[in-house]
Amino acid sequence: TQSTRPQRILTAVQKNATRGDPRSVVKAIDHFCRNKEWAMNVGDEKGCILDSVVSEVNPATVLELGTYCGYSTVRIASLLPPNAKLITLEFNPDFAAIARQVIAWAGLEDKVQLVEGASGDWIPKMKEQFGVKTFDLVFLDHWKNSYLPDTKLMEECGLLRKGSVLLADNVICPGAPEYLEFIRSSPRYKSQYFKSHLEYTKVEDGLEKSVFLGLVNEEWT
Ligand SMILES: O=C(NC/C=C/[C@H]1O[C@@H](n2cnc3c(NCCO)ncnc32)[C@H](O)[C@@H]1O)c1cc(-c2ccc(F)cc2)cc(O)c1O
Ligand SMILES: [Mg+2]
């Protein structure tokens, strides 16, 4: 039967990357997607910005929305301190199955919990199911029109604390206009735009980094 693109990405990893070496897994996927078939990984250019934010936050708890093939999962998990945990949500079972194998090839299973299901269903269950209090870092890279409702849901579920960092991919291309409008105008967030390019192309795109400031007091006046 005809293979899918995620399956071809996994094959490229298994052929060209070294087991247990996350950097070689990232390189193999980037090489495949730049030279053979484009795919919606955050990619190498935006990936360096992602790496720098992860290193700066040095998170103990990370939530990723939208695993796809696990490319950014591997990038993030490879930079986590010991005992840190990354929970990644993916509701497409075929993508989840591929991502599990990519994460395993990188040797990062112990740092990653891939949860199959929709963010809207699982965000309210994070505390009771996984013993998470709050997330130090959230990487948003799922459906672009889900960024805003899921951010509001994370706030309502008390999953963000003063200083929690949200990092959103694709705020220019394909774009997340409602999310950008909300997060940049809200007194509860301090936002910063990192200009870059759409993965493997010269098209403009970027990441929006937003720090949650907690419930600021003017909301009580
Ligand atoms: O669309 C893009 N990403 C979507 C990712 C979806 C992945 O996340 C999973 N997913 C989605 N919603 C949820 C959900 N919850 C929400 C629904 O309940 N809960 C759990 N998992 C979810 C999907 O199953 C996929 O695995 C994109 C496009 C371009 C692009 C740019 C230019 C072009 F020309 C073409 C494409 C570039 C990018 O970097 C992009 O990220
Ligand atoms: Mg993306």
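Residues numbered from 1 in each chain as written. Chains lettered and ligands numbered in written order. Predicted model: local features only at pLDDT ≥ 70, side-chain atom pairs only at ≥ 80, totals over all residues. Heavy atoms only, no water.

Draft legend 1. Inspection of the overall build of the protein chain at higher detail. Within the protein chain one finds 10 helices and 7 strands. Its C-alpha radius of gyration of 17 Å places the protein chain within 12% of the 17 Å reference for a compact globule of 221 residues. Overall size of the protein chain, expressed as C-alpha extent along the three principal axes, is 60 × 40 × 30 Å. Looking at the protein chain as a whole, 54% of its 221 residues are labelled buried. Counting only contacts in the protein chain whose residues sit at least 6 apart along the sequence, the fraction spanning at least 24 positions is 72%. About 10300 Å² of surface is accessible on the protein chain, with carbon and sulfur atoms providing 54% of the total. The centroid of the 26 positive side-chain charges in the protein chain is displaced by 4 Å from the centroid of its 29 negative side-chain charges. (Helix = DSSP H or I, 4+ residues; strand = E, 2+ residues; numbered from the N terminus. Rg over C-alpha atoms; globule rule 2.2 N^0.38 Å. Buried < 20%, exposed > 50% of the residue type's maximum accessible area, 1.4 Å probe, protein only. Contact = heavy atoms within 4.5 Å. Areas by Shrake-Rupley, 256 points an atom, 1.4 Å probe, with all protein chains shown as cover. Lys, Arg positive; Asp, Glu negative; His and termini not counted. Charge placed at Lys NZ, Arg CZ, Asp CG, Glu CD.)

Draft legend 2. Quick look at unusual backbone geometry. Following C173, the chain continues into P174 via a peptide bond in cis, with omega recorded as 5°. Position of P174 among the secondary structure elements: in helix α9 (residues 171-175). In this structure, Y68 is a non-glycine residue whose phi angle is positive, near 55°. With respect to the element layout, Y68 can be found in the loop between β1 (61-65) and α4 (71-77).

Draft legend 3. Broad picture of the sheet that holds strand β7 (residues 204-212). One open sheet holds the 7 strands; their spatial order is β3-β2-β1-β4-β5-β7-β6, and the pairing between them is mixed. Both edges of this open sheet fall to β3 (112-116) and β6 (189-197), since each of them pairs with a single strand only. Each adjacent strand pair in this sheet contributes to an overall mean axis angle of 15°, direction not counted. Here strand β4 (residues 137-140) runs beside strand β5 (residues 165-168); their pairing, made up of 4 bridges, is parallel. Residue L140 lies in a different strand from β5, and its bridge partner there is A168. Running over the sheet, helix α3 (residues 43-57) touches β4, β5, β6 and β7 and is turned about 150° from β6. Across the sheet, helix α5 (residues 93-105) touches β2 (85-90) and β3, and the angle it forms with β3 is around 170°. (Pairing = 2+ DSSP bridges. Axes fitted to C-alpha atoms, helices over the stretch in contact; angles between N-to-C directions.)

Draft legend 4. Region of interest: the site of ligand 1. Ligand 1 sits among 23 residues. The nearest are E90, S119, K144, N170 and E199. Within the side chain of D169, an N or O atom sits 3.2 Å from an oxygen atom of ligand 1. One of the side-chain N or O atoms of E199 is found 2.5 Å from an oxygen atom in ligand 1. Within the complex, the protein chains bury 80% of what would otherwise be the 820 Å² of accessible surface of ligand 1. Among the elements of the structure, β2 and α9 are those that each provide at least two residues to the shell around ligand 1. Considering only residue class, the shell around ligand 1 consists of 11 nonpolar, 7 polar and 5 charged. (Near = heavy atom within 4 Å. Polar contact = N/O pair within 3.5 Å; in protein donor to acceptor, adjacent residues only side chain to side chain. Nonpolar A, V, L, I, M, F, W, Y, C, P; charged D, E, K, R; others polar.)

Draft legend 5. Fine view of the packing of aromatic side chains. Tallied over the full model, the rule gives 6 aromatic pairs. With a centroid separation of 5.2 Å and 55° between ring planes, the pair formed by Y189 and F212 is classed as tilted. On the criterion of sequence distance, the pair formed by Y189 in strand β6 and F212 in strand β7 is long-range, its members being 23 residues apart. Accessibility assignment for this pair places Y189 and F212 in one class, buried. The rings of F182, Y189 and F212 are connected pair by pair, giving a single aromatic cluster. Over the aromatic face of W105 sits the side chain of R19, whose NZ or CZ is 4.2 Å from the ring centroid. Here K125 stacks its cationic end above the ring of W122, 4.4 Å away from the centre of that ring. (Phe/Tyr/Trp six-rings, centres within 6.5 Å; stacked < 30°, edge-to-face > 60°. Lys NZ or Arg CZ within 6 Å of the ring centre and 35° of its normal.)

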